[in-house]
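The residues making up each chain are set out below.
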Amino acid sequence: MAAALINDYNYEYLCVPCDRVFVGKDDFLSHLRRTPHAEPILCGKCNQEYHHVTSLIRHIKNTHIQEAQNNDVILDQMEVDGAVGDGVEENPDGGGGDADHGDQIEQVSEEESSHEEIVDLVRSAGQMTLNLRQSGSVTGSAIERFQHECFKMVRDTSKSLKQKVKIFLADENINTPQFRALLQELHVDDPFSQLRTMKQQLKYFSSELGLVPPETKFLDYRVDYKLNTETLQYEPTREALSFEYIPVIKTLTLLMKNEKIRNLIDAETASQDGILRSCLDGRRAQTHPLVSRFPKILRLQLYWDDVEVVNPLGSKTTIHKIAAFYSGLPDWATCRHLGSSRGRLKKGGDFWAPRALPSGDISYQASGNPDFTLAFKIYLLLRALSCPLFIYLLLLTPKISRLLVDLRRATLTVLCADSLAAHDIMGLLSPSARHFCRYCMVSRPDFRANLLAVGERRTKAMLEDHVRMVRERRSREKECGVRKSCSLHLSRGFDATCDIIFDCFHDLLEGVCHWVISLSLRSFINASEYFSLKQFNGRIAAFNYGVNDFKNTPSVNFTVNSLNGSKLKQTGSQMWCLTRIFGFLVADVPEGDENLKLVNLLQAILLIVFSEAVRAEDITRLEELIAEHHILFQRLHVTPENDVFDELSDDENDAEDIDDPDDPAEGEAFAENQRRRAHKKVTPENILHHLVHYPEVFRDHGSLNRYWCARYEGRHQIFSNYRAEEMELQGPQNISVEQTQHMQLLVQYGLIPNCEVCDVEAVSIAGETHRPGLFVVVDSSTPTFAIIKYINVKGKEVLFVLKSWETVAFEN
């Protein structure tokens, strides 16, 4: 029998007694099983005898494979004199294996990995336990049960391997001390023995997996009441207040050990094309005392929010609130500025390859766009018991600030928080105060009279002067809207008046969008009667949302009470979806309707605000859109202060002029219907004023969607979300280029016909799923769209075969 190694690992096998050549091991071994041959099996090159075909192939790999690599053609002759037992060996080229012959595959795989690092089962068990601990839906008892079942499977696998090795050694008549020692090595101890209890797990995670353990920091004492078991009376006792702090310096030290992160920091540069993307492109980077001098310094973002850990509908909700502080690092992936387009379109053919970026600990909740979420990292900084009145926030934030002050190679640049938290940290009165804005000194009466009103710009020096005034006379709080100093000013270079960012998630998706959609529907349904509320709910349920927005489908819960300008019962992601598709749901509204125009203006604002990169002209356009939106909103839906309802005198007079004045019930029904149709005015809230400052924030810090709270709030559900792989394939199937239906495009791209590619049903890149039937933007300047027809993967490169679509026109 003979085997020929041809053209770099393309194996051919020759059976000498039968004088037949077989391409590939599968046909060759099938021939051996079907055709009787005499024993022993001989290697035609060195004439060594073997009693098992797997032993022969192992011999070829260990003895002759180096020679095969150094020569284009090498012929190894192996003679067969008898029948060979079942068994298939892995192809020496490391290619795909046979599912029907797993035993031999395992033996060869073990041989192939003999020179690799030995797998540490305890470390693997620790990583698996840590991944399970990261999921908030997996309980401790479930993890314990899972560990027990995994060990049983590992133990059974070890027994199976030992039995197979014993049978093999018996067949080969081998009984030496070395092989008996080999059997002992196949015994597997319980890898979870050091990971049973929470204490053991935390100890192992800290020592072996780099977990940074929290430190308990003392705050103050509080008075609590405890039951005296002797007197059966509740007596006051003094309890210590503390919070759990995760050292940010140790976290950053661990992070900087990652070579990919260091490379991203070194490659970070400001934009050279005038487009605002990251913090380095804004004006604030030029004035910050540290960032301006050291562009490579780590720029920390701080986030604070309260988390309700019990049933929010219960009677004891606020006393169980937890204040959560997170630290975030910038999205360095976007700072490399690889081009304005997310991909490249192959000239001469419809072929598109998305840009790949290195992976990391990713926050996917912020956006589905992998271009700017890929390198953004979020770490828990501390958790403490919160309080509705924030009575000990004065004690808490200075401690946080002093902990951050100790940093030498990092600086705090941005605070992300909702309005309530931002005002407390900044030292301002609540957002309901007369001077409610943290950017300017506008008063509430001026704002209600003119939604575009702007007061004197707050500065750090002004804030300090106001604090001094309040300390001299407490009653001056209302004059300036300040009640205490900002503790974060202890951090060098931090300026609360410009570094506490407005949150576009709360302002737009959980604020303005609710008002505009609700009030517009009230006009369409109650006043103009274009359609009914039932019809609108039906359209929401029947709309085809596609794959990407299926999880963001708006809830079908619109009622009469929903159309009063109040907050709708929709999440932020649902409102983002509803606002984008709103035009399709109200297609019967005439184009000239002013409320429809108001929605269109809001849609245009959202497109700019949530863009990952903006130009100077985009910011100017944003200013114009916000001004036009606010003027129209004020004229349609806002009334002067203390005048909540329009006068209904005309409606009441109409009720007296009905045809049958003797029927009071009909008159009351008509009057009630007119009251229902009457346009109720609303009182504007602060978030409309926040939008006026958005263009200035863009110019200072770059794109706002890099600072929105949604990416942090996703960590409330699971403290450390399971990180998806950089690339996940669905339904992969290996085929050659010439077997594809688009071979010419692949060859034109640079692949050879016999090259192997992976044909997939869908691919997820950094959490964003692409599949045939979805559209991509191949040119954002026109824009030009194309629909995905096929997806192929070659190594780490994802290739989309597209069909171009023509952009005919655009309609709001």
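Parameters at a glance
- For every chain, the first residue of the written sequence is number 1, and numbering continues from 1 along that sequence.
- This being a predicted model, a pLDDT of at least 70 is required before a residue's local features are given, and a value of 80 or more before pairs of side-chain atoms are given or counted; all residues contribute to the totals for chains, interfaces and linings.
- Hydrogens are left out, water is left out, and the side-chain values use all remaining heavy atoms of the structure.
- Exposure categories follow from relative accessible area, calculated using a 1.4 Å probe and restricted to protein chains: below 20% of the type maximum is buried, above 50% is exposed, and the middle band is partly exposed.
- In DSSP terms, a helix is any run of H or I states spanning at least four residues, a strand is any run of E spanning at least two, and both are numbered starting from the N terminus.
- Of all possible arcs, the one meant is that of the directions from the helix axis to the C-beta atoms.
- Should any heavy atoms of two residues lie within 4.5 Å, those residues are considered in contact.
- Here, a salt bridge means any Lys or Arg side-chain nitrogen found within 4 Å of an Asp or Glu carboxyl oxygen.
- In short, DSSP must find at least two bridges between two strands for them to pair.
- Geometry is summarised by axes, namely lines fitted to C-alpha atoms with helices restricted to the contacting stretch, and by angles between N-to-C directions that run from 0 to 180 degrees.

## Topic: helix α7 (residues 198-208)
Now for step 1: For α7, the full list of buried residues reads Q201, Y204 and F205. Each buried residue of α7 lies within a common arc of 100° when the element is viewed along its axis, so the set occupies one face. Exposed positions of α7 whose direction lies more than 90 degrees from the buried face are K199, K203 and S207.
Now for step 2: For α7, the secondary structure elements touched by its buried residues are α4 (121-134) and α5 (140-171).
Now for step 3: Following α7 by one or two positions, G210 has its phi on the positive side, about 80°.

## Observations regarding the pattern of salt bridges
Now for step 1: A full pass over the atoms with the stated rule returns 23 salt bridges.
Now for step 2: A salt bridge links K250 to E215; the nearest nitrogen and oxygen atoms lie 3.7 Å apart. Here K250 is found in helix α8 (residues 248-255), whereas its partner E215 is found in strand β8 (residues 215-228), with 35 residues between them in sequence.
Now for step 3: A residue is classified by how much of its surface remains accessible, and E215, at 27% relative accessible area, is partly exposed.
Now for step 4: Several salt bridges share partner residues, and in doing so they unite R145, E149 and K152 into one network.

## Focus on the sheet that holds strand β20 (residues 762-765)
Now for step 1: Taken together, three strands build an open sheet; the order of strands is β17-β20-β21 and the sheet is antiparallel. Either end of the sheet is taken by a strand with one partner, and the two such strands are β17 (727-730) and β21 (768-770). The average undirected angle you get between the axes of adjacent strands in this sheet is 20°.
Now for step 2: Where β17 lies against β20, four bridges are found, and the strand directions are antiparallel. Counterpart to E728 in the pairing with β20 is S764.

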